[in-house]
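Here are the chains, one letter per residue:
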Amino acid sequence: MASASKFDRLYRRIIIAKYFTSGWGDVDLLRRVVSFRNDNTLNTDKWRTLVSPNHPVTIDKRIKNNSYEVIQGHFTSPIVEWFGSSMLEEIKTARFEAVLPADWKTEKKPICLHLAGTGDHFFWRRRHLMAIPLIKEYGIGSIMLENPYYGTRKPKEQRRSSLKYVVDLFLMGIALVMESSVLLHWCQSMGYGPLCLHGISMGGHMASLAATAWPKPVAVVPCLSWSTASIAFTEGVMTRSCNWSVLEKQYRESRSVSDQASLYADLNKIHERRANFPFNFPINTNIGNSKIQFISEFDPGECYPHYDDPAAMERFDAFLNEVTFRTNNDDFKSSLIGPKEFTATDKQHWLTKGKNLLKRSQKIDRDREHIIEIAKYVFDEVTHLQQYPTPTDTSSVIAVVAEKDAYIPRNNVTSLEDIWPGCEIRYLVGCGHVDAFLTKLHVFRKAISDALERVSQVQD
């Protein structure tokens with residue numbers, strides 16, 4: 001059993017950001033996002049034609065040097081057509097930056113679209129860590145799309161990368177799927193190709209979602225992600241960064257509302273549907289001829305202890321029966337503290353008080369576990385890859401995952417190989433999430449090159 005990365009665990013504790021500090025978000029918007037996903041993904045052709053191939057794209061600036069050319073542009077997000085009235089003005093305009101070779105080495109002009117991971121604001125990180133090295137190493141151009149709620153698209157009241165509402169994450173995902181299609185269409189109109197979708201961590205999952213909406217073969221290289229976003233927030237180390245108390249409070253308060261359109265009613269409908277027809281089952285741990293087992297860093301018992309242990313209660317009772325607390329006046333120079341022994345009444349009082357505290361703790365634990373379970377089903381409803389069409393060509397999918405990833409634990413969740421048969425999974429043995437990002441970017445770039453070569457052969 002491979003242990004989860006201690007470095008991941010330590011790094012996450014240093015980060016103080018809290019997610020979903022204002023709760024679930026607008027109930028009507030949450031309902032519309034779920035319905036949008038349900039209504040459009042059931043029909044593959046419909047899902048893949050939501051974005052017009054001629055969606056207007058504006059080029060703002062071109063900068064060229066001896067090695068590469070930088071193109072900056074923007075366009076109105078296609079999602080405005082469906083959710084414009086509920087969207088903040090800051091996120092309606094999508095911005096991108098392309099970094100292209102000054103001179104293409106071959107007739108083909110391969111392009112990789114990089115989607116941002118958590119905390120990756122603006123373009124600097126992807127430009128210098130991925131785009132420029134891809135040109136130097138493989139002659140591959142890049143486009144970087146700015147996430148909604150990030151960089152220039154970040155709402156003024158939002159702190160750093162901490163999304164205020166759960167529905168913000170869902171809206172971000174749908175927007176990125178459609179905005180990626182706009183840029184892929186733009187690439188084709190400019191004569192670029194073959195095309196690749198790539199991202200790291202959250203960006204990797206967004207790249208996978210975007211691939212489901214593209215009607216043609218496309219290379220896909222999701223790195224340090226998996227088949228659903230739910231595991232990151234309900235099982236990985238980021239679980240402790242979610243404001244469960246606010247989510248639980250809003251859920252509990254909405255129970256008193258008799259309206260069938262309440263938050264409580266909506267969440268329970270999703271919970272019931274997913275509980276009866278679950279997605280996830282244990283990972284296929286066969287890797288070649290070897291077997292590697294993965295464990296989740298997140299153990300609900302670690303974060304929310306259970307005290308319902310009769311043996312422990314008996315030991316506690318025995319301890320109270322035997323222990324006496326005494327003070328020595330030579331040691332404690334205070335007239336307020338004197339020698340004392342617990343009487344039978346005192347023992348019973350403290351035992352009853354302790355048991356009441358334990359019962360209250362157990363109730364809090366059960367409520368917390370319940371809201372985490374509901375959140376898991378809600379996240380699966382919108383982000384699980386089984387909810388979306390399979391990419392046109394899965395042989396051009398190369399996923400790179402960290403063996404000891406504590407951010408994206410892969411146990412008890414559907415394997416990517418089961419959802420997208422024919423894809424390749426490359427395991428970074430011994431790596432956690434953070435150290436894989438810090439030391440394995442060259443592996444990610446090699447996977448991009450390999451995936452583009454495969455999709456090129458499919459297209460030929």
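A. How the structure looks around the overall build of the chain. When helices and strands are tallied, the chain shows 16 helices and 11 strands. Taking all 460 residues of the chain together, 54% fall into the buried category. Across the chain, every contact between residues at least 6 apart in sequence was considered, and the portion connecting residues at least 24 apart equals 79%. Per element, the accessible surface of the chain, about 21300 Å² overall, is 52% carbon and sulfur.

B. Fine view of the pairing of strand β2 (residues 68-76). As paired elements, strand β1 (residues 58-64) and β2 share 6 bridges and run antiparallel to each other. Counted as the bridge partner of threonine 58 is histidine 74 from β2. Here β1 folds back onto β2, and the loop between the two strands holds 3 residues.

C. Main features of the packing of helix α2 (residues 27-41) against helix α6 (residues 166-189). Put simply, α2 and α6 touch, their axes get as near as 10 Å, and they point 35° apart. Viewed along their axes, α2 and α6 form a crossing whose handedness is left-handed. Residues Leu29, Leu30, Val33 and Phe36 of α2 form the contact with α6, whose own contacting residues are Val167, Phe170, Leu171, Ile174 and Met178. Taken together, the residues that form the contact of α2 with α6 break down as 9 nonpolar, no polar and no charged.

D. Structural detail: the pattern of salt bridges. In the structure shown here, the tally under the stated rule is 15 salt bridges. The salt bridge partner of aspartate 28 is arginine 31, with a shortest N-O separation of 3.5 Å. Of the two residues, aspartate 28 and arginine 31 are both situated in helix α2; the distance of 3 residues between them amounts to about one turn of the helix. On the basis of relative accessible area, arginine 31 is assigned to the partly exposed category, the value being 28%. Residues glutamate 381 and arginine 37 are paired through a salt bridge, measuring 3.4 Å at the closest nitrogen-oxygen approach. Taken together, the residues span a long stretch of sequence, with glutamate 381 in helix α13 (residues 344-383) and arginine 37 in helix α2 at a distance of 344 residues. This pair shows no difference in class: glutamate 381 is buried, exactly as arginine 37 is. Members of the salt-bridge network, linked through shared partners, are Glu424, Arg426, Lys446, Asp450 and Arg454.

E. Expanded view of the nonpolar core. Counting 94 residues, the largest nonpolar core has Phe20 and Trp24 as its most contacted members. Considering each element in turn, this core owes the most residues, 16 residues, to α6.

F. Quick look at the pairing of strand β10 (residues 398-402). Counting buried positions along β10 gives 5 out of 5 residues, so the element sits mostly inside the fold. Alternating positions in β10 separate into two faces, Ile398, Val400 and Ala402 on one and Ala399 and Val401 on the other, with burial throughout. In the sheet, β10 pairs with strand β11 (residues 424-428) via 5 bridges, with the strands oriented parallel. Its bridge partner lying in β11, valine 400 is registered against arginine 426.

G. Here's a closer look at the environment of isoleucine 374. Here isoleucine 374 lies in helix α13. Its relative accessible area of 0% is what places isoleucine 374 among the buried residues. Along the chain, isoleucine 374 and leucine 267 lie 107 residues apart, while their C-alpha atoms are 7.0 Å from each other.

Quick notes on the rules
Residues numbered from 1 in each chain as written. Predicted model: local features only at pLDDT ≥ 70, side-chain atom pairs only at ≥ 80, totals over all residues. Heavy atoms only, no water. Helix = DSSP H or I, 4+ residues; strand = E, 2+ residues; numbered from the N terminus. Buried < 20%, exposed > 50% of the residue type's maximum accessible area, 1.4 Å probe, protein only. Contact = heavy atoms within 4.5 Å. Areas by Shrake-Rupley, 256 points an atom, 1.4 Å probe, with all protein chains shown as cover. Pairing = 2+ DSSP bridges. Axes fitted to C-alpha atoms, helices over the stretch in contact; angles between N-to-C directions. Left-handed = near helix turned anticlockwise from the far one by under 90°. Nonpolar A, V, L, I, M, F, W, Y, C, P; charged D, E, K, R; others polar. Salt bridge = Lys/Arg side-chain N within 4 Å of Asp/Glu carboxyl O. Core = buried A, V, L, I, M, F, W, Y, C linked by side-chain atoms within 4.5 Å.

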